[in-house]
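Here are the chains, one letter per residue:
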Amino acid sequence: MNYLKGIITVLLIGLMQACSSLSTLDMSYSGPTNPAFTEALAAQDWIRNEYTTYQKRKGYKAFAIAKDAGGTIFATGFADDKVTEQAAYNEALRMCRHYSEGDGQCSVIDEQSSQERSGLTQKQIDTAPKELIAHRDIVHYVKYKKATAPKAFAVAACSGQSFWLANQTTQANAEQDVLNMCETHRHASDPCCTVLESE
């Protein structure tokens, strides 16, 4: 019996030491470590302005840069308010490729996150359509679900940017009008829109 207590004591002490060693890690954010980007931040206003805007955003976010063959940064792209790290990473690269017009090499040089969810519950995030990758679009979807039919909900093809209408005369009108709204207001990087739901 004492032997068993001794083993349990040793295990508990070892476990507490392992946990305490985790708490001493420095988890503070020190900024991007890419030397070309650090230099460009100091020298180029447009890059500094883009990065400042990015820093103010919430949710999972990522910042990408495009460099030419000589290593000069000539385009950036960033994603914010995303529900996962992977969605932010992918969207930052997509936006970088859009702004670089396919030239150069895009790479993500910064990733951050905040826990703000625009008042959404985890269940609302988990049950939202997979096309919605940003908190703001899931908020739109939650409002849409509560709205009065006839109604329709549309998304831009790549970004999941959302648009919705409710209290329309017919379901067909709701679909046509929300598609027109999406086509008019979607980001230039999105090739098209589609109706995700209607009733």
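1. Observations concerning the sheet that holds strand β1 (residues 60–67)
Alright, step 1. Judged by pairing direction, the sheet is antiparallel, and its three strands sit side by side in the order β2-β1-β3 without closing on themselves. Each edge of the open sheet carries a strand with a single partner, namely β2 (73–82) and β3 (105–112). Going across the sheet, the axis of each strand differs from the next one's by a mean of 20°, ignoring polarity.
Alright, step 2. Relative to the sheet, helix α4 (residues 85–99) contacts β1, β2 and β3, its axis offset from that of β2 by approximately 145°.

2. Let's talk about the pairing of strand β5 (residues 162–165)
Alright, step 1. Note that strand β4 (residues 152–156) and β5 share four bridges and pair antiparallel. Bridge assignment links A152 to a residue of β5, and that residue is L165.
Alright, step 2. Counted between consecutive antiparallel strands, the loop separating β4 from β5 contains five residues, among which G160 sits at a positive phi close to 75°.

3. Some thoughts on the confidence of the model for the protein chain
Alright, step 1. When pLDDT is averaged across the protein chain, the result is 85; 83% of the residues are at 70 or more.
Alright, step 2. Counting interchain partners and residues more than four positions distant, the pLDDT-below-50 stretch residues 1–30 has five contacts.

4. Description of the packing of aromatic side chains
Alright, step 1. Evaluated as defined, the whole model comprises 11 aromatic pairs.
Alright, step 2. The structure contains a cluster of three or more aromatic residues connected by ring pairs, namely F37, Y51, Y54, F63 and F78.
Alright, step 3. Positioned above the aromatic ring of Y54 is the side chain of K61, whose terminal nitrogen or guanidinium carbon lies 5.1 Å from the ring centre.
Alright, step 4. The residue whose ring lies beneath K151 is Y144, and the NZ or CZ to ring-centre distance is 4.7 Å.

5. Quick notes on the pattern of salt bridges
Alright, step 1. One pass over the structure, following the stated rule, counts eight salt bridges.
Alright, step 2. Each of the salt bridges in this network shares a partner with another, and the network as a whole consists of R57, D80, D81 and R136.

6. Things to note about the state of the cysteines
Alright, step 1. Under the counting rule described, the total for this entry stands at two disulfides.
Alright, step 2. Two residues, C96 and C106, share a disulfide whose sulfurs are 2.2 Å apart. On the S-S bond that ties C96 to C106, the torsion sits near -85°, and the link is left-handed. Taken as a pair, C96 in helix α4 and C106 in strand β3 lie far apart in primary sequence, 10 residues in all. Comparing C96 with C106 shows no difference in burial state: the two are buried.
Alright, step 3. Along the protein chain, the cysteines that take part in disulfide bonds pair up as 1-2, 3-4, counted in sequence order.

7. Let's talk about unusual backbone geometry
Alright, step 1. The amide bond that connects A149 to the next residue, P150, takes the cis arrangement and shows omega of -5°.
Alright, step 2. Within the secondary structure, P150 is located in the loop between α6 (135–146) and β4.
Alright, step 3. We note that D81 has phi near 65°; this positive angle belongs to a residue other than glycine.
Alright, step 4. By the secondary structure assignment, D81 is in strand β2.
Alright, step 5. Backbone geometry at N167 places phi at a positive 55°, although glycine is not the residue there.

8. Re the packing of helix α2 (residues 35–43) against helix α3 (residues 45–56)
A packed helix pair is summarised by two numbers, namely the angle formed by the two axes and the spacing between the axes.
Alright, step 1. Put simply, α2 and α3 touch, their axes get as near as 6 Å, and they point 105° apart. Judged by the inter-axis angle, α2 sits roughly perpendicular to α3. Contact residues: F37, A40, L41, A42 and A43 in α2; D45, I47, R48 and Y51 in α3.
Alright, step 2. By residue class, the composition of the contact of α2 with α3 is seven nonpolar, no polar and two charged.

9. Quick notes on the side chain of D81
Alright, step 1. Exposure remark for D81: the relative accessible area of 8% places this residue in the buried category.
Alright, step 2. In contact with D81, not counting residues within four places along its chain, are K58, G59, Y60, S118, I133, A134, H135 and R136.

Conventions and cut-offs
- Residues numbered from 1 in each chain as written.
- Predicted model: local features only at pLDDT ≥ 70, side-chain atom pairs only at ≥ 80, totals over all residues.
- Heavy atoms only, no water.
- Pairing = 2+ DSSP bridges.
- Helix = DSSP H or I, 4+ residues; strand = E, 2+ residues; numbered from the N terminus.
- Axes fitted to C-alpha atoms, helices over the stretch in contact; angles between N-to-C directions.
- Contact = heavy atoms within 4.5 Å.
- pLDDT = per-residue confidence, 0-100.
- Phe/Tyr/Trp six-rings, centres within 6.5 Å; stacked < 30°, edge-to-face > 60°.
- Lys NZ or Arg CZ within 6 Å of the ring centre and 35° of its normal.
- Salt bridge = Lys/Arg side-chain N within 4 Å of Asp/Glu carboxyl O.
- Disulfide = S-S within 2.5 Å.
- Buried < 20%, exposed > 50% of the residue type's maximum accessible area, 1.4 Å probe, protein only.
- Parallel < 35°, antiparallel > 145°, perpendicular 65-115°, else oblique.
- Nonpolar A, V, L, I, M, F, W, Y, C, P; charged D, E, K, R; others polar.

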